[in-house]
Amino acid sequence: MSNIHNFGAGPAKLPSEVFDELEEELVNFNGTGISLMETSHRSATYIKLNAEIQDVVRRLLNVPQNYKILFLQGGGQGQFAGVPLNLMSRTGTADYVITGIWSVIAAREARKYGNVRFATPQQDSYVNIPDLSTWDLDPNASYVHICDNETIDGVEYDFIPNTNGVPLVADMCSNIMSKKFDITKFGAVYGCAQKNIGTAGVTMVIVREDLLNQAMPACPSVFDWTLTAKNNSILNTPPMQAIEVMGRVLKWIERNGKLEKMEELAVKKSSMIYDYIDQSNGFYYAPVEKRFRSKMNIPFRVGPPKGDVDLENQFIEDAEKQGLIQLRGHSLVGGIRVSVYNSVTVEDVEVLLRFMKEFFKQHAK
Ligand SMILES: *Cc1c(COP(=O)(O)O)cnc(C)c1O
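Scope of this entry: the structure provided in the associated data block. (Residues numbered from 1 in each chain as written. Predicted model: local features only at pLDDT ≥ 70, side-chain atom pairs only at ≥ 80, totals over all residues. Heavy atoms only, no water.)

1. Some points on the overall build of the chain
When you go through the chain residue by residue, the secondary structure sums to nine helices and 14 strands. In terms of C-alpha radius of gyration, the chain reaches 21 Å, essentially the compact-globule figure of 21 Å for 365 residues. Considered along the principal axes of its C-alpha atoms, the chain spans approximately 65 × 55 × 30 Å. For the chain, buried positions account for 56% of its 365 residues. With the model as given, the accessible surface of the chain reaches about 15600 Å², and the carbon-plus-sulfur share is 50%. Across the chain, the mean location of the 37 positive side-chain charges is 2 Å away from that of the 43 negative side-chain charges. (Helix = DSSP H or I, 4+ residues; strand = E, 2+ residues; numbered from the N terminus. Rg over C-alpha atoms; globule rule 2.2 N^0.38 Å. Buried < 20%, exposed > 50% of the residue type's maximum accessible area, 1.4 Å probe, protein only. Areas by Shrake-Rupley, 256 points an atom, 1.4 Å probe, with all protein chains shown as cover. Lys, Arg positive; Asp, Glu negative; His and termini not counted. Charge placed at Lys NZ, Arg CZ, Asp CG, Glu CD.)

Here is the structure:
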């Protein structure tokens with residue numbers, strides 16, 4: 001285990017302490033003598049765990065009482081449908097800010113449920129967040145959707161856009177719990193667990209109460225935020241084990257300096273890599289504009305001028321031999337992608353940097 005350094009974009013590395021705890025409770029959850037997997041979701045045991053985890057989320061993100069915290073299934077993409085099904089009926093139209101591949105996919109899904117306007121143009125490659133003054137926002141939109149961190153393109157917001165009273169909805173699948181932010185600036189945020197806060201199966205939605213009670217009649221009950229809130233996220237059988245893992249990760253974050261520390265480390269880890277890339281005379285190339293470079297996902301190319309596929313394959317192969325794994329960029333953009341989620345350590349990054357320097361020495365002309 002210890003000589004593996006996992007930089008996967010998701011499902012991604014989890015803290016080793018969390019595995020120790022899970023191992024202990026796997027067959028005997030909290031002294032019950034049985035696994036949580038064998039426990040009724042209507043039991044006092046699960047009801048308590050469900051409440052406890054919501055409390056941790058509330059403390060970490062400072063979530064006020066007029067926001068509901070929901071645990072749903074269907075992943076991030078489930079919420080690409082969940083968002084319009086729950087929010088678009090008010091005016092039948094929504095604005096999508098296009099900053100990368102995930103926001104495009106979100107917009108395409110939402111089109112099934114109403115009128116979707118692109119507030120920013122679709123591009124061939126995404127290297128920044130277009131200036132807010134250029135966004136074409138419709139005051140009549142039911143909501144404005146953004147992707148706070150584009151996992152594939154490596155573009156991340158460094159500000160919360162003002163949408164003039166239109167509810168702002170954010171996909172935070174790959175950066176939720178990586179930084180502090182003011183949740184009251186959002187109508188709703190959502191994030192699947194398997195990037196930064198656990199394992200696949202559960203998706204968290206945090207929604208302001210006044211946005212409930214407007215789901216489309218056709219909205220499946222299991223995607224209905226209002227019904228889910230009324231049933232305290234135990235509408236049907238929840239993905240209890242994924243929620244258990246997420247709870248363990250959130251408590252680990254709380255014990256390890258909370259979001260201030262996670263953010264400080266994210267800045268440190270990502271800067272170590274970007275700074276080295278920028279010093280490599282173009283041998284390594286990170287396309288995203290400095291200000292909007294993601295602190296979670298770092299896509300880059302190897303070999304001048306802007307990436308040599310053979311050299312990149314060599315890079316991945318050599319890295320794997322040294323235990324540096326899951327570095328291949330998303331197939332839609334190619335290249336390399338290093339993900340430095342909360343559980344990736346500074347030491348992991350140091351090992352990667354040593355490898356990158358060695359690879360440079362061997363291959364740079
Ligand atoms: C991974 C990801 C998704 C999709 O998540 P699934 O759980 O696989 O559906 C959506 N948006 C972003 C930003 C992601 O990183």
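2. Some details on the pairing of strand β3 (residues 93–96)
Side chains Thr 93 and Asp 95 project from β3 onto one buried face, and the interleaved Ala 94 and Tyr 96 project onto a second face that is buried too. Two strands pair when backbone bridges link them, and β3 and strand β4 (residues 115–118) are joined in this way by four bridges, in the parallel orientation. Bridging from a neighbouring strand, Thr 93 pairs with Asn 115 of β4. Crossover connection from β3 via helix α4 (residues 101–110) to parallel β4: handedness right-handed. Summarising the sheet, β3 and strand β5 (residues 144–147) pair through two bridges and their orientation is parallel. Opposite Asp 95, over in β5, you have Val 144 as the bridge partner. (Pairing = 2+ DSSP bridges. Right-handed = clockwise from strand over helix to strand, strands pointing away.)

3. Here we look at the nonpolar core
One finds Tyr 96, Met 177, Ile 206, Trp 225, Leu 250 and Ile 253 to be the most contacted residues of the largest nonpolar core, which totals 90 residues. Here this core gets nine residues from one element, more than from any other, and that element is helix α6 (residues 240–255). In this structure, this core is formed jointly by two domains, domain 1 (17–255) and domain 2 (258–363), each of which donates at least three residues. Apart from the residues within four sequence positions on either side, Ile 253 is in contact with Leu 60, Met 177, Ile 197, Lys 258, Leu 259, Met 262 and Asn 342. In this structure, Ile 277, Ile 316, Val 344 and Leu 352 belong to the second largest nonpolar core, which totals 29 residues. (Core = buried A, V, L, I, M, F, W, Y, C linked by side-chain atoms within 4.5 Å. Domains from an automatic or database assignment. Contact = heavy atoms within 4.5 Å.)

4. Let's talk about the side chain of His 5
Here His 5 lies in strand β1 (residues 5–6). Classification of His 5 by relative accessible area gives buried; the value is 11%. Beyond its immediate chain neighbours, meaning those up to four positions away, His 5 contacts Gly 323, Leu 324, Ile 325, Asp 348 and Val 351.

5. Considerations on the pairing of strand β14 (residues 336–339)
In β14, alternate side chains face the same way, and those of Ile 336 and Val 338 on one face and Arg 337 and Ser 339 on the other are all buried. Both strand β12 (residues 297–302) and β14 contribute to a ladder of four bridges, which runs antiparallel. Looking across to β14, one finds that Ile 298 is bridged to Val 338.

6. A look at the site of the ligand
Neighbouring the ligand are 14 residues; Gln 77, Thr 151, Asp 171, Gln 194 and Lys 195 lie closest to it. Between the ligand and the protein, one listed contact pairs an oxygen atom with a backbone N or O atom of Gly 76 at 2.9 Å. Relative to its unbound accessible area of 390 Å², the ligand is 87% covered by the protein chains. Per-element tally for the shell around the ligand: the top contributor is helix α3 (residues 75–87), with four residues. Looking at side-chain class alone, the shell around the ligand contains five nonpolar, seven polar and two charged residues. (Near = heavy atom within 4 Å. Polar contact = N/O pair within 3.5 Å; in protein donor to acceptor, adjacent residues only side chain to side chain. Nonpolar A, V, L, I, M, F, W, Y, C, P; charged D, E, K, R; others polar.)

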